[in-house]
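Structure at a glance
Okay, here's what each chain looks like letter by letter:
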Amino acid sequence: MQIFGLTFGSDLLYNKSAMITVIDYGAGNLKSVCNALAFLGVKSEVTGDADKVARADKLILPGVGAFGVCMEKLRSLSLDEAIKSAAGAGTPVLGICLGLQMLFDRSEEFGMHDGLGLLPGEVRRINSGSLPLPHIAWTSVEVRGGRLMAGIKSGEFFYFVHSYCARAARKEDEAAVASYGETFTAAAERDNVFGVQFHPEKSGERGLALLKNFIGV
């Protein structure tokens, strides 16, 4: 079977009873995330309803755009408190790209802005040196451990699109790192809170394997 122009084996097809809630706050790559979940045989619901988010089985927080603007959109819909409430109750949460960044304490993108504070650390502009920004490339990661990256080896490539990156305050929260002028947090994991800087829904077989890991937690 093919998805995103690539062919995958039937071992990636399975079903889970839990519904994956994809958070819609007016910014984010929702369609490709839902397509990847559907390919994996998993039901998903796209919603901007704070009550539904607070009661979700599992949450995915996608993100495209500027940190401060997107955080304000979350707050305007009371989704920030809903996400924090769900995470505090043990609901698995996966942030993708900007969604990962918003899990951290704050970002310096276009001024200093507070994040969700679910992971300690800050988001700063990539110190890319002579390399161009944004960082748009298939880039290899160094796996540090954790459930999210289970079965994925260091050296595997994922698709990145970003100019800012997270720096986890606790090294034990880094499930994977990548380098583009500097080394940064490529994947984070702490208890039931997970995040990836890259786009697993656009990263072929390895990205689907990562989503499968999240579905199974």
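Residues numbered from 1 in each chain as written. Predicted model: local features only at pLDDT ≥ 70, side-chain atom pairs only at ≥ 80, totals over all residues. Heavy atoms only, no water.

Below, the discussion takes up the overall build of the protein. A count of helical and extended segments in the protein gives six helices and 15 strands. Computed over the C-alpha atoms, the radius of gyration of the protein is 16 Å, within 12% of the 17 Å expected from 2.2 N^0.38 for a compact globule of 217 residues. With respect to the three principal axes, the spread of C-alpha positions in the protein is 45 × 40 × 30 Å. Counting across all 217 residues of the protein, residues that qualify as buried make up 53%. (Helix = DSSP H or I, 4+ residues; strand = E, 2+ residues; numbered from the N terminus. Rg over C-alpha atoms; globule rule 2.2 N^0.38 Å. Buried < 20%, exposed > 50% of the residue type's maximum accessible area, 1.4 Å probe, protein only.)

Those residues of helix H3 (residues 67-76) lying buried are Phe 67, Gly 68, Cys 70, Met 71 and Leu 74. Take H3 and look down its axis: the buried residues cluster within an arc of 165 degrees, on one side only. In the stretch just after H3, Ser 78 is the one whose phi turns positive, near 60 degrees. (Arc of directions from axis to C-beta.)

Another aspect to go through is the confidence of the model for the protein. Taken over all residues, the pLDDT of the protein has a mean of 92, while the share at 70 or more is 92%. Contacts from residues 1-15, a stretch scored under 50 in pLDDT, to residues over four places away or in other chains number 33 contacts. (pLDDT = per-residue confidence, 0-100. Contact = heavy atoms within 4.5 Å.)

With that settled, consider the pattern of salt bridges. Inspection of the entire model under this criterion finds 12 salt bridges. A salt bridge links Arg 124 to Glu 122, with the nearest nitrogen and oxygen atoms 2.9 Å apart. Put simply, Glu 189 and Arg 147 hold a salt bridge, and the shortest N to O gap is 3.5 Å. Placement of the pair is Glu 189 in strand E14 (residues 183-190) and Arg 147 in the loop between strand E10 (135-143) and strand E11 (157-162), with a sequence separation of 42 residues. The class for Glu 189 is buried, based on a relative accessible area of 13%. If you follow the salt bridges from partner to partner, you end up with Glu 142, Arg 144, Lys 171 and Glu 174 in one network. (Salt bridge = Lys/Arg side-chain N within 4 Å of Asp/Glu carboxyl O.)

Attention shifts here to the environment of Asn 29. Assignment of secondary structure puts Asn 29 in the loop between strand E3 (20-23) and helix H1 (30-39). Considering only alpha carbons, one finds Asn 29 and Val 177, 148 residues apart in sequence, at a separation of 23 Å.

Turning our eyes to something else, we now look at unusual backbone geometry. The omega torsion of the bond from Leu 133 to Pro 134 falls at 5 degrees, within 30 degrees of zero and hence cis. Tracing the sequence through the fold places Pro 134 in the loop between strand E9 (119-125) and E10. One non-glycine residue, Cys 97, adopts positive backbone phi at about 60 degrees. Structurally, Cys 97 is set in the loop between strand E6 (93-96) and helix H5 (98-102). Using a relative accessible area of 7% as the deciding quantity, one classes Cys 97 as buried.

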